[in-house]
Every structure is written in structure tokens, then in C-alpha cells.
Amino acid sequence: MSIGVTVAVVVVFALGVLGLARHEGARENPAGASALGVVQAGLCFLACAAVVAYGIYLIVPQFH
């Protein structure tokens with residue numbers, strides 16, 4: 001199970017980087033969808049941060 005979650009987090013992070021690349025590409029070519037890239041990156045990085053926060057919650061006994 002942990003390997004699957006790890007792969008999923010890496011894929012979601014890569015999609016976030018792709019969203020940032022779309023944003024940068026849209027700045028060079030105004031016909032691109034800049035806002036969509038920023039939203040994609042934000043949601044992906046937020047999901048990664050949530051997984052990290054949950055992992056910290058599970059590790060630190062004072063949070064239980």
C-alpha cells in the first residue's frame with residue numbers, strides 16, 4: 001500500500017510541475033491557458049502537502 005501511495009504522490013507532484021510549465025509556456029505564448037496551469041499546479045501541490053501533513057500526523061504521537 002505504501003508503495004502505491006508513494007507512486008501516486010510522485011505522479012501528482014509531476015502533474016503540478018507540468019502545470020507550472022504550462023503557466024510558463026503561456027507567458028511566452030499568450031495563446032496558452034495560463035490560469036489552468038496555475039490551478040492545476042496549486043491543486044496538485046496542495047494534495048501533496050496534505051499527504052505530507054497526514055504522514056507527520058501519523059508519526060508524531062502528540063497529535064493523537
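Computed from a prediction, not measured in an experiment: that's the story for all the values here.

About the criteria used
Residues numbered from 1 in each chain as written. Predicted model: local features only at pLDDT ≥ 70, side-chain atom pairs only at ≥ 80, totals over all residues. Heavy atoms only, no water. Helix = DSSP H or I, 4+ residues; strand = E, 2+ residues; numbered from the N terminus. Buried < 20%, exposed > 50% of the residue type's maximum accessible area, 1.4 Å probe, protein only. Phe/Tyr/Trp six-rings, centres within 6.5 Å; stacked < 30°, edge-to-face > 60°. Disulfide = S-S within 2.5 Å. Patch = residues over 30% accessible without salt bridge, like charges linked within 9 Å, V, L, I, M, F, W, Y side chains within 5 Å. Areas by Shrake-Rupley, 256 points an atom, 1.4 Å probe, with all protein chains shown as cover. Salt bridge = Lys/Arg side-chain N within 4 Å of Asp/Glu carboxyl O. Expected span 1.5 Å × (residues − 1).

S.K.: Quick question: what am I supposed to make of the environment of Leu46 here?
M.R.: Here Leu46 lies in helix α2 (residues 34-59). Leu46 gets classed as exposed once you look at its relative accessible area, which sits at 58%. Between the alpha carbons of Leu46 and Met1 there is a distance of 21 Å; along the sequence they are 45 residues apart.

S.K.: I'm lost on the packing of aromatic side chains in this one. Help?
M.R.: The relation between two aromatic rings is expressed through the spacing of the ring centres and the mutual angle of the planes. Counted under the stated rule, the structure contains two aromatic pairs. Here Phe13 and Phe45 contribute two aromatic rings whose centre-to-centre distance is 5.2 Å and whose plane-to-plane angle is 50°, an arrangement assigned as tilted. Of this pair, Phe13 sits in helix α1 (residues 2-28) while Phe45 sits in helix α2, placing them 32 residues apart in sequence. Judged by relative accessible area, Phe13 falls into the partly exposed class, the value being 46%. Measuring from ring centre to ring centre gives 6.3 Å for Tyr54 and Tyr57, while their planes differ by 25°; the resulting arrangement is stacked. Within this pair, Tyr54 and its partner Tyr57 are both found in helix α2, separated by three residues, close to a single helical turn. By relative accessible area, Tyr57 is classed as partly exposed at 35%.

S.K.: Mind showing me how you'd approach the state of the cysteines here?
M.R.: Here, the word disulfide means a covalent bond between the sulfur atoms of two cysteines. Counted according to the given criterion, the structure contains zero disulfides. Free of any disulfide, Cys44 has its nearest neighbouring cysteine sulfur in Cys48, separated by 7.0 Å. The buried category is assigned to Cys44, whose relative accessible area is 11%. On the accessibility criterion, Cys48 (9% relative accessible area) is buried.

S.K.: Help me understand a nonpolar patch on the surface, please; the structure alone is not making it clear to me.
M.R.: On the surface, a cluster of nonpolar side chains totalling about 740 Å² of accessible area is made up of Val52, Tyr54, Ile56, Tyr57, Leu58, Ile59 and Phe63. Within the secondary structure, Val52 sits in helix α2.

S.K.: Just checking my understanding: could you explain α2 for this structure?
M.R.: Every α-helix winds through 3.6 residues per turn, so residues three or four apart in the chain are directed the same way. Taking 1.5 Å of rise per residue, the 26 residues of α2 would be expected to cover 38 Å, and the 38 Å separating its terminal C-alpha atoms lies within 8% of that figure. Those residues of α2 not exposed but buried are Gly37, Gln40, Ala41, Cys44 and Cys48.

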